[in-house]
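Listed below are the residues making up each chain.
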Amino acid sequence: MKKQYLRLEQRLMEWMNRCSKSRLILFLLGGLLILNLGVLLIPDIPHAHDLSFQLSRISSLAESFKLGEIPRVYLGYLNNYGYANGLFYGDLLLYIPALLVCLGMNVVLAYKLFLVLVTVATMATVYFCVQTLVNSRYASLVAVTLCTLSSYRVIDIFIRGALAEVCAFIFIPLIVVGLYEVIYRNPKRWYWLSIGFAGCFLTHNISFALMVGFTFLFVCFGVKQFFKEKSRFGYLILATVVTIGMVSYFLFPMLEQMMSDQFVLTTETVTADVAGSTRSLIEVFLALPYGKHDGIAGIGIVFVMVLLLRFNKRNGCFQINQLTDQLFLFALLSIWAVTPFFPWKLVLRVLSPLAMIQFSWRLFLTITVFLSILGGIYAMRTMTSMKKRVRFYGLIVGLLMVPYLLNVGGQYASYLYHTRVTGLIQPVDLSTYSIGLGEYLPLGANPTEISERGEVIMSNDDQLQVTFSRKGLTLSVKYHGASSSAYLDLPLVYYKGYQIDDPSLTLVKSEEGLVRVQLNGQTEGTFTIAYAGTRLAQVTVWVSCLTTMGVLVYIYRNTKNSKQR
């Protein structure tokens, strides 16, 4: 057996020596993609926790695109009353699968293809990040493998259906690159910090908040660099301002909504019991996503090996002013924060906004990315021969595939058995769009009451006669016989930004959280109402477009000047 293994290893080494490095890397990355998402070739898809919510978002966006609209309030939700996903939950990347649905693709197939694109983008940014830090193809390959096949990311895709968090994996490596450039290398490449943070904010607000906190720590540990070259601080401020400009079309309208009204999001989720979601140290690495863990697996034993590699003498002494050792320290800090030993209750008394992360295991995201980057770098330094590198790479793939097969294999086996044998599970139903926990409903709006209410216009005047037609969230209404104090409650959930074409009428929110039109003494008439957004929302779209164009021009000129040098 040993002889056969050595003979196979020798043939593999000979084949690798014959291949060009670029082709070999592409071959391995392609194989990695198949390992990660090959199961998507199976028809249909298991019912991940948030799958129906994600498919609903894509389907609703596609409906709006077909009407020629780019929505902030989504169609099809709550019997077409509308739901403000687009005002509170970044959806820019979801335009891709929504456009595929518009072209006639099945929504599940569009979702699967989008997962492939997101995974390729994640592989690209992780590879780029490690190449920037250490300029090693092997280190980049190991980091990409660790991140792509990591338990937490795999669970996000196949069991939790946490699409926004899966997308956040794309941008965190870019933030790391941006911090490295601004603090330690070429601050004129600050734009990676802006792109990373903008992308993170527009996909997953919680990941954005976590990275803001870590960026503060990175800046504190690198403060000596800012005193040496004060221009670096200027570039950091520039990156911050540009980031705000790039996301202003989403940021400021969201803040405007939250300041103008109360929502489930702002009144309930901030009280999440973060301390109650901690895990034992063993569970942090080895837990399976079943039973009491409710879909959350440990990060995997492979990262224990990464942590231990740091203490190999080839990785040198610990230096807090090095970005890699800061990543290591923050990964350890994050692991501590997921365990019961971390004083969450005390921390939240001082920093109550941290409750927005809801669960301590959210930190698995940053732990996974940080340790994946470090795993590549440590492997490059400690595995000095080709044979050692091949063996180490095979080892990490093996350690990653064991939990993959347990988690994803178990999920698919259960799904296929219950759909094709017992019939206990049916394919995902999109006849009713999922609002999840209803976080973006205004206080007073009750989904059950809305469902029972139906698509009707109600009034406080029993004698009033009203008819209406609808196109998406645009209602054309005709009324007559109204009393002086009459009003109309429309089949629309109220969000600031609805506009009416009759200036004599007034729009307010009803006690049930719906759009109410006060007729102000008008006895008859017609009007059209639609969600056009507020003036602030309209202006900030231009701010974001112009800022993004400016960043692209800067990148082009900076790259061109670098090549000329």
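We now turn to the structure provided with this report. (Residues numbered from 1 in each chain as written. Predicted model: local features only at pLDDT ≥ 70, side-chain atom pairs only at ≥ 80, totals over all residues. Heavy atoms only, no water.)

**Some remarks on the sheet that holds strand E3 (residues 474-480)**
- Taking strand neighbours across the sheet as the criterion, the 4 strands line up as E2-E3-E8-E5 in an open arrangement whose pairing is antiparallel. Each end of this open sheet is capped by a strand with a single partner; those strands are strand E2 (465-471) and strand E5 (498-500). Ignoring strand direction, the axes of neighbouring strands in this sheet form an average angle of 20°.
- Pairing of E3 with strand E8 (residues 524-531), which is carried by 6 bridges, proceeds in the antiparallel orientation. (Pairing = 2+ DSSP bridges. Helix = DSSP H or I, 4+ residues; strand = E, 2+ residues; numbered from the N terminus. Axes fitted to C-alpha atoms, helices over the stretch in contact; angles between N-to-C directions.)

**Digging into unusual backbone geometry**
- One non-glycine residue, Asp-44, lies in positive phi territory at about 65°.
- You can see Asp-44 is positioned in the loop between helix H2 (21-37) and helix H3 (51-66).
- When its relative accessible area of 23% is taken as the criterion, Asp-44 is described as partly exposed.
- For Asn-79, which is not glycine, the phi torsion reads 55° and is therefore positive. (Buried < 20%, exposed > 50% of the residue type's maximum accessible area, 1.4 Å probe, protein only.)

**Considering the environment of Val-134**
- Assignment of secondary structure puts Val-134 in helix H6 (residues 107-134).
- Ignoring anything within four residues of it in the chain, the contact list for Val-134 reads Ala-139, Ile-377 and Met-380. (Contact = heavy atoms within 4.5 Å.)

**With respect to the sheet that holds strand E7 (residues 514-518)**
- Read from one edge of the open sheet, 4 strands run E1-E4-E7-E6, paired in antiparallel fashion. Strand pairing shows two members of the sheet lacking a second neighbour, strand E1 (458-459) and strand E6 (506-509), which therefore form its edges.

**Quick word on the pairing of strand E4 (residues 487-493)**
- When you tally the buried positions in E4, you get 6 out of 7 residues, the bulk of the element.
- Across 2 bridges, the pairing between E1 and E4 is antiparallel. Looking at E4, one finds that Met-458 is bridged to Asp-489.
- When E4 meets E7, the two strands line up antiparallel, connected through 4 bridges.

**Quick notes on the pattern of salt bridges**
- Considering all chains together, one arrives at 12 salt bridges under this definition.
- Close ionic contact of Arg-362 with Glu-165 constitutes a salt bridge, the shortest N to O distance being 4.0 Å. With a gap of 197 residues between them, Arg-362 in the loop between helix H18 (344-350) and helix H19 (364-382) and Glu-165 in helix H9 (residues 163-184) connect regions that are remote in the sequence. You'll find Arg-362 and Glu-165 in the same group, each marked buried.
- Among the salt bridges present, the one from Glu-455 reaches Arg-470, with a minimum N-O distance of 2.3 Å. Taken together, the residues Glu-455 in the loop between helix H21 (447-453) and E1 and Arg-470 in strand E2 connect sequence positions 15 residues apart. (Salt bridge = Lys/Arg side-chain N within 4 Å of Asp/Glu carboxyl O.)

**A look at the packing of aromatic side chains**
- A full pass over the atoms with the stated rule returns 33 aromatic pairs.
- Where Tyr-479 meets Phe-527, the ring centres are 6.1 Å apart and the plane angle is 50°; that geometry is what we call tilted. Linking Tyr-479 in strand E3 with Phe-527 in strand E8, this pair joins segments that are 48 residues apart in sequence.
- Taking the centre distance of 5.1 Å and the plane angle of 85° together, the rings of Tyr-498 and Tyr-531 count as edge-to-face. One end of the pair, Tyr-498, is in strand E5; the other, Tyr-531, is in strand E8, with 33 residues separating them in the sequence.
- What makes Tyr-531 buried here is its relative accessible area of 17%.
- An aromatic cluster of three or more residues is present, and its members are Phe-53, Tyr-74, Tyr-77, Tyr-83, Phe-88, Tyr-89, Phe-263, Tyr-440 and Tyr-495.
- The residue whose ring lies beneath Arg-57 is Tyr-89, and the NZ or CZ to ring-centre distance is 4.1 Å.
- Stacked on the ring of Tyr-487, the Lys or Arg Arg-516 has its end atom at 3.8 Å from the ring centre. (Phe/Tyr/Trp six-rings, centres within 6.5 Å; stacked < 30°, edge-to-face > 60°. Lys NZ or Arg CZ within 6 Å of the ring centre and 35° of its normal.)

Any functional reading would require information beyond the geometric quantities listed.
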